[in-house]
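So the chains spell out like this:
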Amino acid sequence: MKQLPWTLCALAFALLACLAIAIVNVENQRNALAGKACVDPTFKNEIDAKCLASVQSREHWWQHLGYAMTHFRN
């Protein structure tokens, strides 16, 4: 019976880690789009998808997480 709470705790931590990774990725792309970092050089009004997948708009992942956790919109 002692294994069940630890298993649930490990699963909750894994879920929290997955959600944090998703939030960091979304905030990275949002910041890149807001800063116009991935404008397609050929078509000025379009977005370069390869750039958006690999851009680093801030120096560290925790900066994305901190910004996303402190700035909410309705």
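Here we summarise the structure given alongside this text. (Residues numbered from 1 in each chain as written. Predicted model: local features only at pLDDT ≥ 70, side-chain atom pairs only at ≥ 80, totals over all residues. Heavy atoms only, no water.)

### Describing the state of the cysteines
The final tally for this structure, using the stated rule, is one disulfide. With no disulfide of its own, Cys9 lies closest to Cys18 among cysteine sulfurs, the gap being 15 Å. By relative accessible area, which is 45% here, Cys9 ends up partly exposed. Judged by relative accessible area, which is 52%, Cys18 ranks as exposed. (Disulfide = S-S within 2.5 Å. Buried < 20%, exposed > 50% of the residue type's maximum accessible area, 1.4 Å probe, protein only.)

### Comments concerning a nonpolar patch on the surface
Nonpolar side chains collect at one region of the surface, where Leu4, Leu8 and Leu11 lie side by side and expose about 310 Å² of accessible area between them. Along the polypeptide, Leu8 turns up in helix 1 (residues 3-34). (Patch = residues over 30% accessible without salt bridge, like charges linked within 9 Å, V, L, I, M, F, W, Y side chains within 5 Å. Areas by Shrake-Rupley, 256 points an atom, 1.4 Å probe, with all protein chains shown as cover. Salt bridge = Lys/Arg side-chain N within 4 Å of Asp/Glu carboxyl O. Helix = DSSP H or I, 4+ residues; strand = E, 2+ residues; numbered from the N terminus.)

### Considering the pattern of salt bridges
Counted according to the given criterion, the structure contains two salt bridges. For Glu27, the salt bridge identified is with Arg30, shortest N-O distance 2.9 Å. With a gap of three residues between them, Glu27 and Arg30 both fall in helix 1, about one helical turn apart. Judged by relative accessible area, Glu27 falls into the buried class, the value being 6%. With relative accessibility at 33%, the residue Arg30 sits in the partly exposed group. A salt bridge links Arg58 to Glu27; the nearest nitrogen and oxygen atoms lie 3.0 Å apart. Of this pair, Arg58 sits in the loop between helix 2 (49-54) and helix 3 (61-70) while Glu27 is found in helix 1, placing the two residues 31 residues apart along the sequence. Assigned by exposure class, Arg58 and Glu27 land together as buried. Through salt bridges with shared partners, a single ionic network connects Glu27, Arg30 and Arg58.

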